[in-house]
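Reading the structure
Below, each chain spelled out in residue letters.
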Amino acid sequence: MAPIGRWCDCWSLETDVPELIRLWRLFRPYRGWMLGGFAVALITLLANVALMAVSGWFITAMAVAGAAGVAMNYFAPAALIRASAIGRTAGRYFERLITHEATLRQLAGLRVWFYRHLEPLAPARLMEYHSADLLTRIRADIDALDNLYVRVMVPVLVAITAGVGFFLFTALFNLGLALLLLGTLLIAGVVLPWVGHRLGKQPGRRIVEIQAELRQASIDGTQGLSELLIYGAADSHARHLDALSRALVAEQERMSQLTGIAQAATGLTANLTLWGMLWLGIPLVQDGSLAPPELAMLALFSLATFEAVAPLPMAFQQLESTLTAARRLFAIVDTEPAVPEPTGPAPRPTGNGLVIEGLRFAYPSKDSGIHSGPTQERPTLDGIDLELPPGRRVAIVGATGSGKTTLFNLLLRFWALESGSIRLGGIPLEQFPGEDLRSRIALVSQHTHLFDTSIRENLLIAAPDASQGLLEQACATAQIHDFIAELPEGYDTWVGETGVRLSGGQARRIAIARALLRDAPILLLDEPTEGLDAVTERALMDAVQQLMKGRSVLLTTHRPVALAQMDEILVLDQGRVVERGTHAELLKALIYPRLLGLDLDV
Amino acid sequence: MTAPRALLDDQKPLASHWLRLSVGLGLGNGVLLILQAWLLAQIINSVVFGEADLNRVAPWLWPLLLLFAVRAGIAWASEQSAFRAAAQVKISLRDRLYRHIQAAGPAWMAGQRSGAIAEDLTRGIESVEAYYARYLPAMSLTALIPLAILIVVLPLDWLTALIMLVTAPLIPVFMILIGSSVERLNQQLWKDLARMGAHFLDVIQGMTTLKLFNASRREAEVIARISDDYRASTMRVLRVAFLTSAVLELFSTLGIAIIAVFIGFRLYQLELPIPDLIAPPEISFVTGFFILLLAPEFYAPLRNLGTHYHGRMEAIAAAERLVAVMDTELPPAPRQVATLSADSLRRIRFDAVSYSYEPGRPALDHTSFEIGAGERIALVGPSGAGKTTVASLLLGFIRPDSGRILIDDQDELQALDLDDWRRRLAWLPQHPRLFQGSIADNIRLGLPDATLDAVRDAATRAQAAEFIDRLPRGYDTPVGERGAGLSGGQIQRVALARAFLRDARLVILDEATASLDPASEALVQRAVDQLAEGRSMLVIAHRLSTVRTADRILVIDGGRIVESGSHDELIEQDGPYRQMVRLLEPGDRRA
């Protein structure tokens, strides 16, 4: 195990050790960089200590020699002084360069590492996280880890190595003085950091938490500005933000109190060491066991050595923020995906027919209860049987919460089914790797996320290698090409949060174009025309018709005109199929006409 | 545009009290340091040349302890005052920034990346701390402490004073030379950082979409690339920034080395490598040692400034982003804020109102219409016809480019106190936003003091009580952005309950029921009908069911009202409305 792990074992709180060990492992690929940073930092420190110590010795020795008229070699120390001066300057420069380069490389690596762990959790496991919270994790929490390397790991290694060296060097002159130095270095390098860590724990944790809350409130307060203004809640939200801001500053103030105490205590320890050196050293000079210039040298030397331990109290005081950030990252990384990926080779299904038998599913109940559906006992889907051979079109109709979206989530393997089976080409869905399965399915839903990039990039998500011709063809089929072509920047127009605002119908068409580019045999349409006005909807339906050609289709909708073209319609109520048949048959049924709003006039 | 520096300087009064204390404490510390060096030199001198024992040096040794204690106190106090100097500024700036964003309104916000704005409100504000807590005090001390040391050294040894005088001014000169180029790079860096934040938020919010297209793993490469670009641009800044520090370091360490060597040589009566014309002054050991101890302290503030200069640049780069937000022009406040009488809002008249989001493409083009007291108006038309613009104007998010919106024929909307005006409105958009908090908190949004009974009552009337009661934690169920776990219809009804809690005079429904299934829609519709009782209502609608019951239907196309009348009248007219109806669902028996 690494030195830091062992070193921390002997004094730090037991609970921190596993995190430190995990963090150390994450830093492993960058060991070379870290070692380089350590070496240069050590050289810089030694050069500085040498500069002060040699200068003190040199002046005193020269004065003594000058007064006594004795000859002395002054070239070597003078050269050493100059060499230390240059060594320190160059060392500091390269130390900073190397440690920062190393840190930024690590952070870049960590972000990808975190994202790779985050991605399998979407969407099932991420529902309960505010997007701002996840943003904080991938941005601020990962950034906070750089503290560990630049402010903790390297300085600790340097302090240990240099501390031993300083002790041995002083012991060459006098053991008592060496022990004094060792003792005070331990106070400033171990005791103070330990106390700082203990006391900084609570404010450190609170700071990370409040920062996350503040980010959340910022996103709520900007993305939800309309609601806040209209409901007269803008002022109270501003006050909420201000209260968080003040709470943050209050915790930072507690931290700053500690910093002040730590700084004062470190300085005081260094000064007291100097004082102790004189107190113990003066009698030694008198009894001749220490040369006068050596006393001057050791006095300055002892002061300078504290540069090795000075950054440690601060570093350990902030360690808790770093560890809290690390814990928040590990919490995500350790979450099991809702759907385990199969380990075996990708199966080769015969055809793309879907068969659903006896499907039952209930969302796992959480403490918050929000995802558990109406009640725990009642499953979201209960005993669904459905066949979708290639080319068949099946519609699902049901009120909000009847389980339509859940069925889609299961088909896309965003959730794992509980009992019953879904087979694709005769092979159970569980045996398909998620990506393999999803490459056979295209989805158009009423919520289309347009990324903050060009229209082209937004289309290329579906088919990264598609040519411009192919894009235009898909957009023409989706009846959006003419609109795009008219934009001044055409397919390079930015859409999304900062780009051109697309209307609901236009966004839906882009989604259809994406699905066309996807060219998957199975098509899921989740209320594809909902939320559109009549004219737009009418036009969109033509595009959807194009899309449905030659594909098996599972559609949820309430539009009679679309339902009339379906081979079969399933009416869902609270997770069960209560009616099934064709549009014409179901018009005479009980629930179906009511769901479609066709009985309202009666 | 305001200079970023000016923004930072404007905040100084908030910090000035603590800043002065910081500088005072720093200066006190400097004076004590000189005293400490003098005592130390006396002690070493007595021991080396006077063969003094502990008793003889005691008069110097004991005061030294006292000095150490006082300096420890000062170190603690200056940390406190430095923190406080920045604390008030941070609190005030964050509040001002956010309130400015609110004042700029949703119309402005629509053109911004909320991820980047969140970055400004959190990290952006934090990075101004270094400017007030570190850079400003360091700046003053850089002038004061070296000066104090120089005053002490000059009468003792003019040669050392000369070395100090020559090397010291070079430091700030170099710093400024290199610093200005770093500053530019650094501002770029801050933009990269904001862009990175916005990109990550975009990816997180769109992760399901990415996943659907098996693009989520490809995205890992994009994240790697963006992070690596960020590393590269950061290092570009840092390489130059560190060079600044290195130059500072070089001058100060070389300065110390030269001073030490020159003192040593003179103590040994050696020739100095300087022109003969300048006869170097004689120096005693005690003076030499005293000066040697002072030399690092002379350069320390300058080196400190180098460290804090980086903080200053970060603060300025952040301030540039803040200024960009704070410089957004706010809609001019009405010269005389008029408030409507309590019973007001009976009639609203659009009088030749025009508005365009971009020049040359009017969203509304001399639109005129009227909403009478208690009237239910439906606004229909194709996407992009200007329906939502009408709502935005009524909500006060945007102001007409020309024309007037008159309330009760006398007050112009533009001249009204917006809070007072909005209090009379209820608004239900297609995708209402729920906020972090419980369902009850979300319903209480417009009336934070409402009792739980009132909340329940509102929820019942909004047809939401039934599903809320079935949730294990009922009204305390935590919800977040986009309702987390609630269906679209459920979110809609929670949002509707908000409207019930307020006694609004005008209800604006912006495609509110568009994404609901007919059963939920019927629920919401029933609630809406109840809400509309005795109130005026503007419905921006798609569904015929909502339109048919309206007193009047306005058909809008290309930013103009092209037709108006009741459903039956318009069907008879055989105009655009009838065409629209015919397009809809041939199977829809109502049409």
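Each chain carries its own residue numbering, running from 1 in the direction its sequence is written. Throughout, the order in which chains and ligands are written sets their labels, letters from A for the former and numbers from 1 for the latter. Local features are withheld for residues below a pLDDT of 70 in this predicted model, meaning they are given only at 70 or higher, and side-chain atom pairs are given and counted only at 80 or more; totals for whole chains, interfaces and linings count all residues.

1. As for the overall build of chain B
This is how the line gets drawn: Counting from the N terminus, the helices are the DSSP runs of H or I reaching at least four residues and the strands are the DSSP runs of E reaching at least two. Any two residues are considered in contact once their C-beta atoms, placed from the backbone, lie within 7 Å.
When helices and strands are tallied, chain B shows 19 helices and twelve strands. Considering only C-alpha atoms, chain B reaches an extent of 115 × 55 × 50 Å along its principal axes. Sequence-distant contacts, at least 24 apart, represent 78% of the contacts inside chain B between residues at least 6 apart.

2. With respect to the overall build of chain A
The cut-off we apply is this: Buried, partly exposed and exposed are defined by the number of other C-beta atoms within 10 Å of a residue's own C-beta, namely 20 or more, between the two limits, and 12 or fewer respectively, with C-beta atoms placed from the backbone.
Helix and strand content of chain A: 22 helices and ten strands. If you line up chain A on its principal axes, its C-alpha atoms span 120 × 55 × 50 Å. A total of 602 residues make up chain A; the buried ones form 54% of that total.

3. Here we look at helix α13 (residues 452–461) of chain B
Residues and elements named next belong to chain B. The condition is simple: Note that the arc is computed from the directions linking the helix axis to the C-beta atoms.
Along α13, the positions that sit buried rather than exposed are Val455, Arg456, Ala458 and Ala459. Down the axis, α13 shows its buried residues gathered within 160 degrees of arc, on one side only. Packed against the buried residues of α13 are α12 (439–443), α14 (465–470) and α15 (488–501).

4. Quick word on the interface of chain A and chain B
Taken together, the contacts link 142 residues of chain A with 144 residues of chain B. If you tally residues by element for the side of chain A that touches chain B, the top one is helix α9 (residues 234–286) of chain A, at 26 residues.

5. Brief notes about the sheet that holds strand β7 (residues 522–526) of chain A
All names here are of chain A. Inclusion rule: In this analysis, strands are considered paired if DSSP registers two or more bridges between them. Only the stretch in contact is used when fitting a helix axis, every axis being a line fitted to C-alpha atoms; angles between N-to-C directions are given from 0 to 180 degrees.
Read across the sheet, six strands follow the order β6-β7-β8-β3-β9-β10 without closing on themselves; strand pairing throughout is mixed. Bordering the open sheet on either side are β6 (441–445) and β10 (576–581), each of which pairs with just one other strand. For this sheet the average axis-to-axis angle between neighbouring strands, irrespective of direction, equals 20 degrees. Contacting β3 (393–398), β6, β7, β8 (552–556) and β9 (568–573), helix α13 (residues 404–411) crosses the sheet at an angle of about 150 degrees to β7.

6. Regarding helix α9 (residues 285–326) of chain B
Residues and elements named next belong to chain B. What counts, and what does not: An expected span of 1.5 Å times one less than the residue number is assigned to each helix. The bend reported for a residue corresponds to the angle between axes fitted to the seven residues ending at that residue and the seven starting there.
Compared with the 62 Å implied by 1.5 Å per residue over 42 residues, the 60 Å span of α9 between its first and last C-alpha is a close match. Of all bends in α9, the biggest is about 35 degrees, found at Ala300, and the proline Pro301 comes one to four residues later. Counted residue by residue, α9 has 33 buried out of 42 residues, so it is predominantly covered.

7. Some thoughts on the environment of His583(A)
All names here are of chain A. Here His583 shows up in helix α21 (residues 583–586). For the pair His583 and Met566, spaced 17 residues apart in the sequence, the C-alpha separation amounts to 7.4 Å. Leave out the neighbours within four places in its chain, and His583 touches Leu563, Ala564, Met566 and Ile569.

8. What to know about the packing of helix α3 (residues 31–68) of chain A against helix α10 (residues 292–305) of chain A
Residues and elements named next belong to chain A. The cut-off we apply is this: Roughly parallel refers to an angle under 35 degrees, roughly antiparallel to one over 145, roughly perpendicular to one between 65 and 115, and oblique to any angle outside these ranges. Working rule for handedness: look at the near helix, and if it is turned counterclockwise from the far one by less than a right angle, call the crossing left-handed; if clockwise, right-handed. Residues are grouped as follows: nonpolar covers Ala, Val, Leu, Ile, Met, Phe, Trp, Tyr, Cys and Pro; charged covers Asp, Glu, Lys and Arg; every other residue, Gly included, is treated as polar.
Close contact between α3 and α10 brings their axes to 8 Å; oriented N to C, the two are set at 160 degrees. The angle between α3 and α10 places the two elements in the roughly antiparallel class. Viewed along their axes, α3 and α10 form a crossing whose handedness is right-handed. Across from Asn48, Val49, Met52, Ala53, Gly56, Trp57, Thr60, Ala61 and Val64 in α3, the residues of α10 making contact are Pro292, Pro293, Glu294, Ala296, Met297, Ala299, Leu300, Phe301, Ala304 and Thr305. Each residue belonging to the contact of α3 with α10 can be placed in one class, and the counts come to 14 nonpolar, four polar and one charged.

9. Focus: the sheet that holds strand β4 (residues 402–407) of chain B
All names here are of chain B. Judged by pairing direction, the sheet is antiparallel, and its four strands sit side by side in the order β2-β1-β4-β5 without closing on themselves. For this open sheet the edge positions go to β2 (361–371) and β5 (411–412), each flanked by a neighbour on one side alone. Pairing between strand β1 (residues 348–358) and β4: five bridges, direction antiparallel. Directly across from Asp351, in β4, lies its bridge partner Arg404.

10. What to know about the packing of α3(A) against helix α6 (residues 146–171) of chain A
The geometry of a pair of packed helices is captured by two quantities: the angle between their axes and the separation between those axes. All names here are of chain A. Where α3 meets α6, the axes come as close as 9 Å, and the angle between the chain directions of the two elements is 55 degrees. Between α3 and α6, the angle falls in the class oblique. Considering how the two elements wind past one another, α3 and α6 form a crossing that is right-handed. On α6, the residues that touch Met34, Gly37, Phe38, Ala41, Leu42, Leu45 and Leu46 of α3 are Tyr149, Met153, Val154, Leu157, Val158, Thr161 and Ala162.

11. Comments concerning the pairing of β1(B)
All names here are of chain B. When β1 meets β2, the two strands line up antiparallel, connected through seven bridges. Counted as the bridge partner of Ser356 is Pro362 from β2. With antiparallel pairing between neighbouring strands as the criterion, β1 and β2 make up a hairpin whose turn holds two residues, including Gly360 at a positive phi of roughly 90 degrees.

12. Let's talk about the domain arrangement of chain A
Often, the extent of an interface is quoted as the loss of accessible area upon association of its parts. All names here are of chain A. Note the following rule: Bear in mind that the domain bounds are from an automatic or database domain assignment.
When the domains of chain A are assigned, the result is domain 1 (16–333), domain 2 (390–416 + 432–440 + 522–602) and domain 3 (449–519). Relative to domain 3, the C-alpha centre of domain 2 lies at a distance of 25 Å. Contacts between the two partners involve twelve residues from domain 2, matched on the other side by ten residues from domain 3. Of the residues contributing to the side of domain 2 that touches domain 3, the split by class is eight nonpolar, three polar and one charged.

13. Re the confidence of the model for chain A
All names here are of chain A. Rule in force here: Confidence of the predictor at the level of single residues is given by pLDDT, which spans 0 to 100.
With 93% of its residues at a pLDDT of 70 or more, chain A shows a mean pLDDT of 85. Per-residue pLDDT, averaged within each element of chain A, yields its smallest value for helix α1 (residues 3–9) (36) and its largest for α9 (94). Confidence drops under a pLDDT of 50 for residues 1–14, and excluding neighbours within four residues, the segment shows 19 contacts in the predicted structure. Here residues 366–377 is a poorly scored stretch, pLDDT under 50, and it has 29 contacts once near neighbours within four places are set aside; other chains count.

14. Remarks on the environment of Arg96(B)
Tracing the sequence through the fold places Arg96(B) in helix α3 (residues 54–109). In this structure, the C-alpha to C-alpha distance between Arg96(B) and Met326(B), residues 230 residues apart in sequence, is 8.5 Å.

15. Let's talk about unusual backbone geometry
Geometrically, the link from Ala122(A) to Pro123(A) is a cis peptide bond, its omega value of -10 degrees lying close to zero. Structurally, the position occupied by Pro123(A) is in the loop between α4 (75–118) and α5 (131–144). Phi at Asp408(B) takes a positive value of approximately 50 degrees, unusual for a residue other than glycine. Phi is positive for Gln463(B), close to 60 degrees, though the residue is something other than glycine. Note on placement: Gln463(B) falls in the loop between α13 and α14.

16. Topic: the pairing of strand β4 (residues 419–424) of chain A
Residue and element names in this part refer to chain A. Judged from the five bridges that link them, strand β1 (residues 354–361) and β4 form a sheet pairing that is antiparallel. Its bridge partner being in β4, Ile356 is matched across the sheet by Ile422. Pairing analysis gives two bridges linking β4 to strand β5 (residues 427–428), with the strands arranged antiparallel. Note that in β5 the partner of Leu424 across the bridge is Ile427.

17. Overview of the environment of Gln257(A)
Residue and element names in this part refer to chain A. Relative to the elements of secondary structure, Gln257 occurs in helix α9. Accessibility expressed as a C-beta count within 10 Å gives 16 for Gln257, which makes it partly exposed. As a C-alpha pair, Gln257 and Gly200 span 57 residues in sequence and 9.9 Å in three-dimensional space.

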